[in-house]
Amino acid sequence: MFNDIGPLELVTLIVLAVLVFGPDKLPKVIQDVTRTIRKIREFSESAKQDIRQELGPEFKDFEFEDLNPKTFIRKQLDTDDLGLKEIRNGFDLKKEMAEVADAVHGRDSGPSPASGGTASGSSGGRVDMTKKPESTARDDRPPFDADAT
C-alpha cells in the first residue's frame, strides 16, 4: 500500500503526526485509523464475494485485478491460442535492422527471406539506393509550370 514512501518521508509523517495530535492522543488516533482500514478491507472483500456468488459458477476464477486493462491484455496475449509466442520468437529485430542498414548504406547483406533468396538487383525487388540518378544535360531544363508560381 505504501510502496512509494521512502524512509525520510515516513519519518517526516511520524514527526508531523506527533506535532499535530500530540504524544497523548497519537496511540488512539493510530488505533482508529487501523480499525477504519480493517473495516474497509472487510467491506471490499465481502462485496467481492457477493459479486462472485451473483455471477455464478462459470466465473469462479474471476479476479478483479483482471479488470485492469494492462493485466487483461497481458493475460489475453499470454495464451498461446493466437500463436503470438511463435511470431515473437521468430522475429529477430537486430537482423531486420541490420538488413535495413545494409540496404541504406548499399552493402550486400546476402540473401534475405523477404527478397526470395535472390541477389540484390532489380529482379529481386530491391531498390539500389547507391545508384546516382542520371544527371540532366546542361541544355535540358526541368519542366516549368507557369501556373504553379
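Residues numbered from 1 in each chain as written. Predicted model: local features only at pLDDT ≥ 70, side-chain atom pairs only at ≥ 80, totals over all residues. Heavy atoms only, no water.

### Focus: the overall build of the chain
Of the regular secondary structure elements, the chain holds 4 helices and 0 strands. The linear arrangement of helices and strands in the chain, starting from the amino end, is α-α-α-α. (Helix = DSSP H or I, 4+ residues; strand = E, 2+ residues; numbered from the N terminus.)

### What to know about helix α1 (residues 7–55)
The end-to-end C-alpha distance of α1, which contains 49 residues, comes to just 43 Å, noticeably less than the 72 Å that a straight helix rising 1.5 Å per residue would cover. A bend of about 105° at Gly 22 is the largest found in α1, and the proline Pro 23 appears one to four places after it. The positive-phi residue at the C-terminal boundary of α1 is Gly 56, with phi of around 105°. (Expected span 1.5 Å × (residues − 1). Bend = angle between axes of the 7 residues up to and from the residue.)

### A few points about helix α4 (residues 93–105)
Taking 1.5 Å of rise per residue, 13 residues should cover 18 Å, and α4 covers 18 Å from first to last C-alpha, within 8% of that figure. One or two positions beyond α4, positive phi appears at Gly 106, with a value near 85°.

### Let's talk about the confidence of the model for the chain
Across the chain, the average pLDDT comes to 76, with 68% of residues at or above 70. Here helix α3 (residues 84–90) is the element of the chain with the lowest mean pLDDT, 67, and α1 is the one with the highest, 91. Low pLDDT (under 50) marks residues 112–123, which in the prediction has 13 contacts with non-local residues, meaning those over four places away or in another chain. (pLDDT = per-residue confidence, 0-100. Contact = heavy atoms within 4.5 Å.)

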